Amino acid sequence: NLERSYFVGTMVKVVLGPVPALVTPFTEDDQVNVAAIPQMVNYFVDAGVKGLYLCGSTGSGIAMTMAERKLMTAESCKANAGRIPVIVMVGACPVDEAVELALHAKECGADVISSTVPGAYAWLKDEVVKPDLVGAIEYFKTVAGATDLPFWPYWLGGSLAASAPEFLAAMKDVPNFKGMKYTTPDMYTFQQIRFLSEKAGEPLNLVTGADEMFICGQVMKSDGGIGSTYNLMPKLFVQLYDTFQKGDTAGAMEIQEKINQVIALLIELCYCRERGTNILSGITSVLRRRGFAVGKPRELLLSRTFTEAEEQGLWDALEALDFKVE
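In this report, the structure presented in the accompanying data block is examined. Please read all numbers here as calculations on a predicted model, not as lab measurements.

What follows deals with the overall build of the protein. Within the protein, the secondary structure is distributed over 11 helices and 10 strands. Taking 2.2 N^0.38 as the reference for a compact globule, 326 residues should give roughly 20 Å; the C-alpha atoms of the protein span a radius of gyration of 18 Å, in line with that estimate. C-alpha atoms of the protein, sized along the principal axes, occupy 50 × 45 × 40 Å. For the protein, long-range pairs separated by at least 24 residues make up 73% of all intrachain contacts whose partners lie at least 6 apart in sequence. Split by element, the accessible area of the protein, about 13700 Å² in all, is 53% carbon and sulfur. A gap of 4 Å separates the mean positions of the 29 positive and 39 negative side-chain charges of the protein.

So this is what it looks like as structure tokens:
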């Protein structure tokens, strides 16, 4: 798929721009809604996004069975038909399952495989897992070596707990290490990973994952972003990226401020301070009102039920904004 990739020196960058962490649609009886996938994929392609990220936490991958994750990957790749890159999160499960998911992703035509460290989502079950860089690297080596696809570790919060030099030194033996999704407000470490990899002549395809800080990533020369709220406003994120790339930093900041008004409403009205993944209740409720048959999030991801009155309150608050959320 080099026709939609980008060359930087000897490095092929698969993604340049915004990539929604696609919501997995479910039916009323909690099955993957295969019929809804083409509509969603077509909508995002038409919105101008630069890829799709499947089966992460926004995509409910951590609350899905192996068969369900495979189904979502297969049907999404089929609907996409090679139009934009597809990144599949295959981790957050035992390593043998991650390997099987990686092999399946390649069979389906995915462009990149990605993985969190083991235990990255233990907090959903009120468990505490200390960062273990050595264990993470062994996991990554096995998963990344299962295929010849580019491998992107998913740096989530403090899950890796390493400096940039430590991280890059540890990753040197991980096969196909070509990029990363980086979701933490520590932009210094992100910048150093970019700087040091480029200095070594091995530039990485680096994207940020904090939606509210997309422009910060751009300042630090991120290649793009992957996020949850892109599901609600893909066009705004595309506008933000394009505006910054044209050199209009002030204009880009104005768009980021609009995006952050939406994010502030989601944080407040979806009880995200209780649990970050509660945002899925808000995202899916808005998508349903827009005509996407996405169903409701899996209970594992939520700390409370989102009522009809709360859904209406979120919709009314978004409608009251002085710009279009799209």
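This paragraph deals with the packing of helix 4 (residues 133–144) against helix 5 (residues 164–171). Packed helices, taken two at a time, are described by their axes: the angle between them and the distance between them. Between helix 4 and helix 5, the shortest axis-to-axis distance is 10 Å and the interhelical angle comes to 40 degrees. Read as a crossing pair, helix 4 and helix 5 show a hand that is right-handed. Together, L133, I137 and F140 of helix 4 and E166, A170 and M171 of helix 5 make up the contact between the two elements. Tallied by class, the residues present in the contact of helix 4 with helix 5 amount to 5 nonpolar, no polar and 1 charged.

Side chains of strand 9 (residues 205–208) alternate between two faces, with N205 and V207 and L206 and T208 buried alike. The sheet contact formed by strand 8 (residues 179–183) and strand 9 spans 4 bridges and is parallel. The partner of K181 across the bridge, within strand 9, is V207. Taking the sense of rotation as the criterion, the β-α-β connection linking strand 8, helix 6 (residues 187–199) and strand 9 turns out right-handed.

Here we come to the nonpolar core. Buried together is how nonpolar side chains tend to be arranged in soluble globular proteins. Membership of the largest hydrophobic core comes to 107 residues, with the highest contact counts inside it found for F140, F167, I193 and M233. When neighbours within four sequence positions are excluded, F140 is seen to be in contact with S115, T116, V117, G145, F151, P153, L160, M171 and V174.

With that settled, consider the layout of surface pockets. In this structure, the largest pocket occupies an estimated 690 Å³ of space. Counting only elements with at least two residues in the lining of the largest pocket, the list comes to strand 7 (151–156), strand 8, strand 10 (224–227), helix 9 (249–269) and helix 10 (279–289).

Enumeration according to the criterion identifies 11 aromatic pairs in this entry. On the numbers, 6.4 Å between centres and 65 degrees between planes, the contact of F214 with Y230 is edge-to-face. Placement of F214 in helix 7 (residues 214–219) and of Y230 in the loop between strand 10 and helix 8 (234–245) is noted, with a sequence separation of 16 residues between them. In terms of burial, F214 and Y230 fall into one category: buried. A ring pair is formed by F214 and F237, whose centres lie 5.8 Å apart and whose planes are at 65 degrees; its orientation type is edge-to-face. Linking F214 in helix 7 with F237 in helix 8, this pair joins segments that are 23 residues apart in sequence. On the basis of relative accessibility, which here comes to 0%, the residue F237 falls in the buried class. Joined through ring pairs, the aromatic side chains of W155, F167, F177, Y182 and F190 make up one cluster. Looking at K181, its charged tip hangs above the ring of Y53, at a distance of 4.7 Å from the centre.

The next thing to look at is the state of the cysteines. Scanning the entire structure with this criterion turns up 0 disulfides. With no disulfide of its own, C93 lies closest to C55 among cysteine sulfurs, the gap being 10 Å. You can call C93 buried: its relative accessible area is 13%. C272 provides the cysteine sulfur closest to C270, a residue in no disulfide bond, and the two sulfurs are 5.2 Å apart.

Because side chains alternate across strand 5 (residues 86–89), one face comprises the buried residues V86 and V88, and the other comprises I87 and M89, equally buried. One ladder, built from 3 bridges, connects strand 4 (residues 52–54) with strand 5; its direction is parallel. The residue bridging L52 from the neighbouring strand is V86, located in strand 5. Note on the crossover from strand 4 through helix 2 (residues 66–80) to strand 5: the handedness is right-handed. One ladder, built from 3 bridges, connects strand 5 with strand 6 (residues 112–115); its direction is parallel. Residue pairing across strands places M89 opposite S114, the latter belonging to strand 6.

About the cut-offs
- Residues numbered from 1 in each chain as written.
- Predicted model: local features only at pLDDT ≥ 70, side-chain atom pairs only at ≥ 80, totals over all residues.
- Heavy atoms only, no water.
- Helix = DSSP H or I, 4+ residues; strand = E, 2+ residues; numbered from the N terminus.
- Rg over C-alpha atoms; globule rule 2.2 N^0.38 Å.
- Contact = heavy atoms within 4.5 Å.
- Areas by Shrake-Rupley, 256 points an atom, 1.4 Å probe, with all protein chains shown as cover.
- Lys, Arg positive; Asp, Glu negative; His and termini not counted.
- Charge placed at Lys NZ, Arg CZ, Asp CG, Glu CD.
- Axes fitted to C-alpha atoms, helices over the stretch in contact; angles between N-to-C directions.
- Left-handed = near helix turned anticlockwise from the far one by under 90°.
- Nonpolar A, V, L, I, M, F, W, Y, C, P; charged D, E, K, R; others polar.
- Buried < 20%, exposed > 50% of the residue type's maximum accessible area, 1.4 Å probe, protein only.
- Pairing = 2+ DSSP bridges.
- Right-handed = clockwise from strand over helix to strand, strands pointing away.
- Core = buried A, V, L, I, M, F, W, Y, C linked by side-chain atoms within 4.5 Å.
- 1 Å grid on protein atoms, 1.4 Å probe; cavity = no way out; pocket = protein on both sides within 12 Å on 5 of 7 lines; lining within 4 Å.
- Points joined across faces, edges and corners; volume = space filled by probe spheres on them.
- Phe/Tyr/Trp six-rings, centres within 6.5 Å; stacked < 30°, edge-to-face > 60°.
- Lys NZ or Arg CZ within 6 Å of the ring centre and 35° of its normal.
- Disulfide = S-S within 2.5 Å.

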